[in-house]
Structure formats: C-alpha cells, structure tokens
Amino acid sequence: MDKNKKQRSWAEPYKIKMVEPVRISTFEERKKAIEAAGYNTFLLRSRDVYIDLLTDSGTSAMSDRQWAGMMMGDEAYAGSENFYHLERKVRRFYGYKYIVPTHQGRAAEHIISQIMIKKGDYIPGNMYFTTTKLHQELAGGTFVDVVIDEAHDPDNEHPFKANVDLDKLETLIIEKGADRIPYVSIATSVNMAGGQPISMENLKQVRELTQNYGIPIIHDMTRVAENAFFIKQREKGYGDKPVREIVSEICCLTDGATMSAKKDALVNIGGFLALNDKELFKKACNMVVIYEGLHTYGGLAGRDMEAMAIGITESVDEDHIKARVGQVEYLGKKLIDMGIPIVLPIGSHGVFLNASKILSHLSQDKLPAQTLAAELYLDAGIRAMERGVVSAGRNPETGEHNYPALELVRLTIPRRVYTQAHLDVVAESVEAVYENREAITGLEFTYEPEHLRFFQSRFQKIE
Ligand SMILES: *Cc1c(COP(=O)(O)O)cnc(C)c1O
C-alpha cells in the first residue's frame, strides 16, 4: 500500500432496517435520574439512558437472518430441529463433538465445575472471571491465577496480555500434583484484563505442558472470535488466515468449552457446554436435566437455539469481526488523541478509562471510578460501568475497602448497535468531563449491601 495515501474512512458493514428510538434527555432530567439512582449507573432506568455502554452481554443487535430464524423455532420438548442445527454449527466452526445447550454461560460453568472438580482441587486460569471462579469454588475448588504479570499493569502494551505464565502453571502442577488439577481454564479475549487476547503460540505451549501431565483444557470461548481477530492482526503467520480457521484452530487445542452466546455469538440469551469426551458428556446430560431442562434444549426455546446457530456463523464473518473490534479501536484512538488516559492496548469489547489518572485529585476512598461514571451520565446520558474500589468490595476480615490497583470505568460497546456517530458523541462527552475534572468532588456511600455491592450501592456527592 502507498504510505502517502490518505487513510480512507470506513463504515459499519450493515444498514438499518428497524430502529429503536432513544431519547436525548435534558441536563435537569439527568440530574434527577442519577440522584434517584443514588449515583449508581446500575440503578438507572434504561429509558433514561441515551447511549448504553454498561455491558456487551446480551445487548447485541440480531441480524435479519437471525430474526427470520426465530420464526422457525421448533418448540418440541425433545429433539427440536433447532438443536440439531446448533449442534452442526458447533461441530463445524469449533470442532467440539458434543454439545449441551444452557440458558447462558454461567449455567455451563456450573455443570462443568460440578462434574469435573472435587473438593480440594485447584483450577489454574488466565485471570479470573466472576461467575467462572464462583462456580469453581462452589464445587470445592480453588482458582489460581497463572496469567502473565503484564496483564495486571494497565500501562503495559504487551500484545497478548492473556498469555499464561508457563512457569507459574508448571510450578503449581508440581506443587499440588497433577491429580489435584482437574483442568486448566483458558479464556480467550480475557474480560478482566480489558479484553486482551492469548496468542496461538502460548496456547500451543500450554497444550504441550498440560498434555505431559495428562491435564485437559477447558476453554471459556465467550469471546473467541475477538481473540482470533487479534491473532490475525498481531501474530506472525496468521495475517492471511480467515478468522473462522483461527477460531477452529484455537478450539482444537482444547478439550471442551463453556460459551456465553450473549457475547460473540450475537444473541440476547443463550449459551452451551461443549465436550469431546463421551463419558463427561453423559455426566453433563445428567446434570442439565436437573438444572436447565432436557439435553436438547437446556433452558432455551427452540427459536433461541436457532438464533444462536445463525449467530455463530455471523460471528466469524471477516467484515463483521473487523468492524466489531474496529469500532472499539475507533473510540479508543479518539480518546487517546484527546489525551484521555485509557488502558492499553485497546481491548476487543470496550475501552477502559483510567479513572485514577483522570480524577487524580481524588483519593481512592472518594470512589473516582464511580464518580466518573456518574459524571459521564450527567454530561450526555452515557451509561458506563465502574470497575474499581466499589466493585472490589471489602476485606471480610478487616472490614476495610479492598483498594485494587486498577480504578477504571468501562465503556463497553454492544455489537452492531451503535454507529461511529454515537461513538463520536461518547468521546466528546468524555472530553468535556475531563476538561471540567477539577470541579468534581467525589462520592460517598449512603447504602451498601453485603454482597457484590457495586450492583445496588447508593451514594451521595461529597460537598
Ligand atoms: C459473560 C461471561 C460469562 C458468564 O456468562 P453469562 O452468559 O453472563 O452467564 C463467563 N465468562 C466470560 C468471560 C464472560 O464474559
């Protein structure tokens, strides 16, 4: 390509066939709404939000094909056609042999944890995820973080921050014994690291190491297509490979998977557990009838399985995935150009604002990330999520706040929902809040529930 050539604009690879109106509120209305919500964006009503970047979970826009598929729901209790369609797609795109549908990702995590983990086991993983870790613990296991140290540093620009530290992993195996490790849990495009990928090279090394000890790998494949796209962009030898082939190569290096289809697979509800081992599959079928439903629907309507089957194909489409990750990059680059401190490299599903740098005049006990999220809402009706001291909770022994190293606000981009124009509005709002940052005084708790306090806590402004 000619280096001097002007960078050309790009646009979303879809056009709009149906619209959902969103309301642009006044400052007075927003002030009332955020006060009524106790300055917690989780307590806002969706109708009061203009651009909703709370999460990318279940918030995707489905395609016309998926909606057409919804009309083809085979709502038989047993043996629905849609189940067999879904099973074919999982085999074709991911290569796993057996599939158990579940109502969402955590239900698959529940089943795999219960059938594989024994009391006193250890489950190494490339950074924790809230529901994954909780189900491992409920089954009597202990999660052990074996991600590389770079993952915990917001300024480190390592291209594969979700890589496993092989020394940490092998040390754990030797220390605890391979028979105490039922599986290694590998997530693709790791959420808690900011949507960062694992490299194919590292995954192959993990495979080799664990095979030597006879330990299987269970893959949290919630964002596998996004991870595959980063491999295509960043890893030597993959630049010309189709994303769908990279996805399949990743899956082939693992023994089973849990999927929250509410993310990459472009549906509003759904998930599955996939396995290669027939005996484990039988156990999973036994569990799913207790907690979800028969093994050919697992808590889903036929139409939901159909939408998922179609979404799987669309999720690995080159134009789609390029635009999906490209939108996040577009917003991230805009913010960098404005001089706003964000976590680097830019992730696959969202941009993480560094609230401790943006509101550097506020100490962490004045809840800078919670404050920043509330200010963003006030400025233009944009809803983001706190990922800082409020999310980190309290130390159960001392009762003190846990003070995490990262004090972040996550701007999560739903798939195919907003246009670049919406993202321009978001960037300008962040900039406006940034310019007025000195006047921002912080928040204090007025109500604090005991568990997962970020969901329901209430706050007031510090005067
Ligand atoms: C969302 C998510 C889950 C849990 O899935 P649900 O569908 O919300 O139950 C598990 N792992 C990761 C990485 C996720 O992002």
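Here the structure is a predicted model, which means the values were calculated and not measured. Numbering of residues starts from 1 in every chain and runs along the sequence as written. Reporting in this predicted model follows two pLDDT cut-offs: at least 70 for local features of residues, and 80 or more for side-chain atom pairs to be given and counted; totals over whole chains, interfaces and linings ignore these cut-offs and use all residues. Hydrogens and water are ignored here; the side-chain numbers use all heavy atoms of the structure.

Participant: Explanation requested: the packing of helix α4 (residues 105-116) against helix α10 (residues 278-291) in the structure shown.
Facilitator: When two helices pack together, their arrangement is given by the angle between the helix axes and the distance between those axes. Note on geometry: axes are lines fitted to C-alpha atoms, helical ones only across the stretch in contact, with angles between N-to-C directions running from 0 to 180 degrees. Put simply, DSSP marks the helices as runs of H or I at least four residues long and the strands as runs of E at least two long, and each gets a number from the N terminus on. Contact pair α4 / α10: the axes reach a minimum separation of 10 Å and the direction vectors enclose 125°. With respect to each other, α4 and α10 are oriented oblique. α4 and α10 meet at a crossing whose hand is right-handed. Mapping the contact onto sequence places His110, Ile111, Gln114, Ile115 and Met116 in α4 and Leu280, Lys283, Ala284, Met287, Val288 and Tyr291 in α10. Considering only residue class, the contact of α4 with α10 consists of eight nonpolar, two polar and one charged. Note on terminology: angles under 35 degrees are roughly parallel, angles over 145 are roughly antiparallel, angles of 65 to 115 are roughly perpendicular, and the others are oblique. The hand of a helix crossing depends on one turn: near helix anticlockwise from the far one by less than a right angle means left-handed, and clockwise means right-handed. Contact between two residues is taken to exist if any of their heavy atoms lie within 4.5 Å; hydrogens are not considered. The nonpolar class holds Ala, Val, Leu, Ile, Met, Phe, Trp, Tyr, Cys and Pro. Asp, Glu, Lys and Arg form the charged class, and all remaining residues, Gly among them, are polar.

Participant: Just checking my understanding: could you explain the site of the ligand for this structure?
Facilitator: Close contacts around the ligand come from 13 residues, with Arg106, Asp220, Arg223, Ser260 and Lys263 the closest. Counted as a polar contact is a pair of N or O atoms within 3.5 Å, where, for protein atoms, one must be capable of donating a hydrogen and the other of accepting one, and residues adjacent in sequence contribute only when both atoms are in side chains. Gln104 places a side-chain nitrogen or oxygen 2.9 Å from an oxygen atom of the ligand. At a separation of 2.9 Å, an oxygen atom of the ligand approaches a polar backbone atom of Gly105. Among the residues forming the shell around the ligand, the class breakdown is one nonpolar, six polar and six charged. We call a residue near a molecule or strand whenever a single non-hydrogen atom of that residue lies within 4 Å of it.

Participant: Please clarify how the sheet that holds strand β12 (residues 408-412) should be interpreted in this entry.
Facilitator: Strand pairing in a sheet relies on backbone hydrogen bonds, with the paired strands running either antiparallel or parallel. A sheet is described by the order of its strands in space; here three strands give the open sequence β9-β12-β11, paired in antiparallel fashion. Every other strand in the sheet has two partners, leaving β9 (350-354) and β11 (385-387) as the edge strands with one partner each. Averaged over all neighbouring strand pairs, the angle between strand axes comes to 30°, with direction disregarded. On the sheet, helix α12 (residues 318-337) packs against β9 and β12 and is oriented at approximately 25° with respect to β9. Paired strands, in this sense, are two strands between which DSSP finds at least two bridges.

Participant: Mind showing me how you'd approach the layout of surface pockets here?
Facilitator: Buried and open spaces are told apart on a 1 Å grid over the protein atoms alone, a cavity being a set of points where a 1.4 Å probe fits but cannot get out and a pocket being an open set with protein on both sides within 12 Å along at least five of seven lines. Residues with an atom within 4 Å of a point are the lining residues. Grid points are joined across faces, edges and corners, and a volume is the space filled by probe spheres set on the points. Volume-wise, the second largest pocket comes out at about 1,600 Å³. Lining the second largest pocket we find 43 residues, and of these Met18, Ala61, Met62, Arg416 and Val417 sit closest to its centre. The greatest single-element share of the lining of the second largest pocket, amounting to five residues, is contributed by α12. The class makeup of the residues in the lining of the second largest pocket is 17 nonpolar, ten polar and 16 charged. What fixes the domain bounds is an automatic or database domain assignment. Of the domains in this structure, domain 1 (27-56 + 318-461) and domain 2 (64-315) are the two that each give at least three residues to the lining of the second largest pocket.

Participant: Explain the domain arrangement of the protein chain to me, please; I cannot follow it from the model alone.
Facilitator: How big an interface is tends to be stated in terms of the accessible area lost upon association of its parts. In terms of domains, the protein chain is made up of domain 1 (27-56 + 318-461) and domain 2 (64-315). A straight line from the C-alpha centre of domain 1 to that of domain 2 covers 28 Å. Taken together, the contact between domain 1 and domain 2 spans 20 residues of the former and 29 residues of the latter. Buried area is calculated as the accessible area (1.4 Å probe) missing from two parts once they are joined, with the contributions of both summed. A buried area of about 2,100 Å², summed over both sides, lies between domain 1 and domain 2, and 52% of it is on carbon and sulfur atoms. By convention in these notes, a salt bridge is any Lys or Arg side-chain nitrogen within 4 Å of a carboxyl oxygen on Asp or Glu. Applying the counting rule to domain 1 against domain 2 returns seven salt bridges. Among the ionic pairs, Arg415 bridges to Glu226, the shortest N-O distance being 2.9 Å. For the pair domain 1 and domain 2, the interface holds 18 residue pairs in polar contact (both at pLDDT 80 or more). Partitioned by chemical class, the residues of the side of domain 1 that touches domain 2 number eight nonpolar, four polar and eight charged.

Participant: Whenever I open this one, the packing of helix α14 (residues 368-380) against helix α16 (residues 420-435) confuses me. Can you help?
Facilitator: Closest axis-to-axis distance for the α14/α16 pair is 9 Å, and the angle between their directions is 115°. The two elements α14 and α16 cross, and the hand of that crossing is right-handed. Residues Leu372, Glu375, Leu376, Asp379 and Ala380 of α14 form the contact with α16, whose participating residues are Ser429, Val430, Ala432 and Val433. Within the contact of α14 with α16, the residues separate by chemical class into six nonpolar, one polar and two charged.

Participant: Just to check I follow, could you spell out the pattern of salt bridges for this structure?
Facilitator: Charged atoms that come close allow side chains of opposite charge to pair. Going through the model one piece at a time under the given rule, you end up with 29 salt bridges. Two residues, Lys118 and Asp121, come together in a salt bridge whose shortest N-O distance is 4.0 Å. You can call Lys118 partly exposed: its relative accessible area is 47%. Remark: exposure states derive from per-residue accessible area (1.4 Å probe, protein chains only) relative to the maximum for the residue type, with buried under 20%, exposed over 50%, and partly exposed in between. On the basis of relative accessible area, Asp121 is assigned to the buried category, the value being 0%.

Participant: Please explain the pairing of strand β2 (residues 98-102) as it appears in this structure.
Facilitator: Two faces belong to every sheet, and in a regular strand the side chains alternate between them. For β2, the tally of buried residues reaches five of five residues, placing the bulk of the element in the interior. Here β2 shows two buried faces, one formed by Tyr98, Val100 and Thr102 and the other by Ile99 and Pro101. When β2 meets strand β8 (residues 271-275), the two strands line up antiparallel, connected through five bridges. From the neighbouring strand, Pro101 faces β8, where its bridge partner is Phe272.

Participant: Would you explain the nonpolar core in this entry?
Facilitator: Where a protein is soluble and globular, its nonpolar side chains tend to be buried together. In terms of nonpolar packing, the biggest core is built from 63 residues, with Val90, Tyr94, Met221 and Phe272 touching the most fellow members. Per-element tally for this core: the top contributor is helix α8 (residues 224-234), with six residues. With sequence-adjacent residues up to four places away left out, Val90 is seen in contact with Gly95, Tyr96, Ile99, Phe272, Ala274 and Ile312. Of all hydrophobic cores here, the second largest spans 33 residues; its members include Val328, Leu359, Val409 and Tyr418. Only buried residues count toward a nonpolar core, which is a set of Ala, Val, Leu, Ile, Met, Phe, Trp, Tyr and Cys residues joined through side-chain atoms within 4.5 Å.

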